[in-house]
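Each chain, letter by letter, is given below.
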Amino acid sequence: MRTNAPLSHVVTALTGFALGVAAGLLFAPESGEKLRQRLADEAREQLRQAEARLRDLESQLKSLDDRLSTVGQGVSDRVRATAGQARDAILPALDEAAEQVTLEEKEVSRDLRHMTRR
């Protein structure tokens, strides 16, 4: 999945770091002091690279968050506009229907009065 790709890069980097350290320990012809210094330097470099990747991921997430907020606001605005248009289209029909019901009530009332007089 695309959403896990940045995390996969971090895991790959850390795995590579661990394998590099292990290989270095196995095949190092250096003295203990030099080996420790080199391992510390490599660890610092790997940490620096991991921090850079994390900063990049943070930037990408911020950008995605900004885009999603913009899209969400656009959707919200369109929903409000559509609801307003629907309301504007329905209200005249409801008013007309209410007027028609009132007229029919008056006619029924008039007819009932005439029926009771006969």
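Preceding this section is the structure that the text describes.
Because the structure is a prediction, the values reported are computed rather than measured. (Residues numbered from 1 in each chain as written. Predicted model: local features only at pLDDT ≥ 70, side-chain atom pairs only at ≥ 80, totals over all residues. Heavy atoms only, no water.)

*Asks:* Pulling in residues and values, what's your account of the overall build of the protein chain?
*Replies:* In terms of helices and strands, the protein chain carries two helices and zero strands. Seen through its C-alpha atoms, the protein chain measures out along the principal axes to roughly 125 × 20 × 20 Å. Out of the 118 residues in the protein chain, the part that is buried amounts to 8%. Just so you have it, the protein chain exposes about 10,000 Å², and 60% of that area is on carbon and sulfur atoms. Computed over 18 positive and 19 negative side-chain charges, the separation of the two mean positions in the protein chain equals 2 Å. (Helix = DSSP H or I, 4+ residues; strand = E, 2+ residues; numbered from the N terminus. Buried < 20%, exposed > 50% of the residue type's maximum accessible area, 1.4 Å probe, protein only. Areas by Shrake-Rupley, 256 points an atom, 1.4 Å probe, with all protein chains shown as cover. Lys, Arg positive; Asp, Glu negative; His and termini not counted. Charge placed at Lys NZ, Arg CZ, Asp CG, Glu CD.)

*Asks:* Let's hear about the pattern of salt bridges: which residues, and what values?
*Replies:* Scanning the entire structure with this criterion turns up seven salt bridges. Put simply, E33 and R36 hold a salt bridge, and the shortest N to O gap is 3.5 Å. Here E33 and its partner R36 are both found in helix 2 (residues 32–117), three residues apart, which amounts to about one turn of the helix. Classification of R36 by relative accessible area gives exposed; the value is 53%. (Salt bridge = Lys/Arg side-chain N within 4 Å of Asp/Glu carboxyl O.)

*Asks:* Explain helix 1 (residues 5–27) to me, and be specific about the residues and the numbers.
*Replies:* Along its 23 residues, helix 1 runs 32 Å from first to last C-alpha, staying within 8% of the 33 Å computed at 1.5 Å per residue. What helix 1 keeps buried is the set A5, V10, A13 and G24. (Expected span 1.5 Å × (residues − 1).)

*Asks:* Describe a nonpolar patch on the surface, naming the residues involved and giving the relevant values.
*Replies:* Together, L61, L64 and L68 give the surface a local cluster of nonpolar side chains, amounting to about 300 Å² of exposed area. Along the chain, the position of L64 falls in helix 2. (Patch = residues over 30% accessible without salt bridge, like charges linked within 9 Å, V, L, I, M, F, W, Y side chains within 5 Å.)

*Asks:* Could you give me a rundown of the environment of A43, with the residues and numbers involved?
*Replies:* Here A43 lies in helix 2. The class of A43 is partly exposed, set by a relative accessible area of 30%. Here the alpha-carbon distance between A43 and G20, two residues 23 residues apart in the chain, equals 10.0 Å.

*Asks:* How would you summarise the environment of K106 if you had to cite specific residues and measurements?
*Replies:* Assignment of secondary structure puts K106 in helix 2. For K106 and R78, which are 28 residues apart along the polypeptide, the C-alpha to C-alpha distance reads 42 Å.

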